[in-house]
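Secondary and tertiary structure notes
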Amino acid sequence: MNAHASAARAERTQPVHIGDHLREWRQRRHLSQLDLAGDAEISARHLSFVETGRAAPSRDMVLRLAERLEVPLRERNVLLVAAGFAPAFPQRSLDDPALKSARQAIDLVLKAHEPNPALAYDRHWNLVTANRMVAPLLEGIPQRLLGQPFNILRLAFHPEALAPRTVNLAEWSSHLLERLHRQCEATADPELIKLYHELKAYLMPARSGPLSPDNVAIPFKMRLDGEVLSFISTTMIFGTPVDVTLSELALETFFPADDLTARRMREMAANLK
């Protein structure tokens, strides 16, 4: 399903019956009723009855089908409510006392990654928190672009932000758009789809050609004070989240891709003390 199809699907009236929801997710995952029924260890006939409203699924069945369909936790709650059950996964702020240990873990990872930049963002790529090495890389960007919500992708594409500083803008912007497109395909989140089309509207240089099969990482190369800093990024998520907020949180860590970048980051960190 391409982004246009995702957008059209998201703009429709949202299904209200559990069967409609399940059919939407099954089709989104390109599974037949027989495929899904086999994965969930139920009969294809029973699944067909659930999708058409002729049978009501149990709470356990809803959760089992949602797991096989890799439905995000936020949408699993939607499925449960549509089936007449209470939501199973809480959604709390990171400031909630119940998530204190998770917030401490996030802060620990970001702090431990210094002198290199690292940040955390939500499902819509809005900044949640960052370590102190991110700010020096954003110096000179208009303050109006750094207000809340601070969207990381908009900053990367904006002509007054990071775009003119990015040396390999064609490759980096294509890489980010591909990541966002995969999220749109996986979640059908209307806000992500809207963001995808917004970013596609920016005039970006065309990539010179397809990536080499042996190219496992796209570096982020930015010009700063007359030098080119080069980073390789990795993304981390919570492996077994039981909270909607944690399931949608990602940590992006940047590693120096060369000796010059490593040296400059150490010098920046020393100047911040």
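You'll find the structure just up there.
These lines cover the structure that appears in this document, whether it is placed above or below. Residue numbers restart at each chain and count upward from 1, following the sequence in its written direction. Local features in this predicted model are restricted to residues whose pLDDT is 70 or higher, and side-chain atom pairs enter the listing and the counts only when it is 80 or higher, whereas totals over whole chains, interfaces and linings include all residues. Each side-chain value is derived from all of the structure's non-hydrogen atoms; neither hydrogens nor water enter the calculation.

Some details on the overall build of the protein
Looking only at helices and strands, one finds 12 helices and five strands in the protein. Taken over the C-alpha atoms alone, the protein extends approximately 65 × 45 × 35 Å along its principal axes. For the exposure calls, accessible area comes from a 1.4 Å probe over protein chains only, and a residue counts as buried if that area is under 20% of its type's maximum, exposed if over 50%, partly exposed in between. Sorting the 273 residues of the protein into buried and exposed places 44% on the buried side. Summarising the internal contacts of the protein: among those between residues at least 6 apart in sequence, 60% fall at separations of at least 24. Accessibility throughout is a Shrake-Rupley quantity obtained with a 1.4 Å probe, and a residue counts as covered only by protein chains that appear here. Surface exposure of the protein reaches about 14400 Å², of which carbon and sulfur atoms provide 54%. Helical segments are the DSSP runs of H or I of at least four residues, strand segments are the runs of E of at least two, and each set is numbered from the N terminus. When checking whether two residues touch, look at their non-hydrogen atoms; a contact exists if any pair is within 4.5 Å.

Some thoughts on the environment of Asp 107
For Asp 107, the position within the fold is in helix α7 (residues 100–112). Taking C-alpha positions, Asp 107 is 8.4 Å from Thr 129, a pair spaced 22 residues apart along the chain.

Let's talk about unusual backbone geometry
With an omega dihedral of 20 degrees, the bond running from Glu 114 to Pro 115 counts as a cis peptide bond. Examined against the element boundaries, Pro 115 turns out to sit in the loop between α7 and β1 (118–121). One non-glycine residue, Glu 41, lies in the positive phi region at around 60 degrees. In this structure Glu 41 comes out as exposed when scored by relative accessible area, which is 69%.

A word on the sheet that holds β1
Here the rule is simple: two strands pair whenever DSSP picks up at least two bridges between them. Here five strands make up an open sheet; going across it, the order is β2-β1-β5-β4-β3 and the pairing antiparallel. With one partner strand each, in any of the chains shown, β2 (127–130) and β3 (220–224) form the two edges of the open sheet. In this sheet, neighbouring strand axes are inclined to one another by 30 degrees on average, regardless of whether the strands run parallel or antiparallel. Fitted lines through C-alpha atoms give the axes, limited to the stretch in contact for helices. The angle between two N-to-C directions lies from 0 to 180 degrees. Along the sheet, α7 contacts β1, β2, β4 (227–237) and β5 (250–256); its crossing angle with β2, the most-contacted strand, is approximately 55 degrees.

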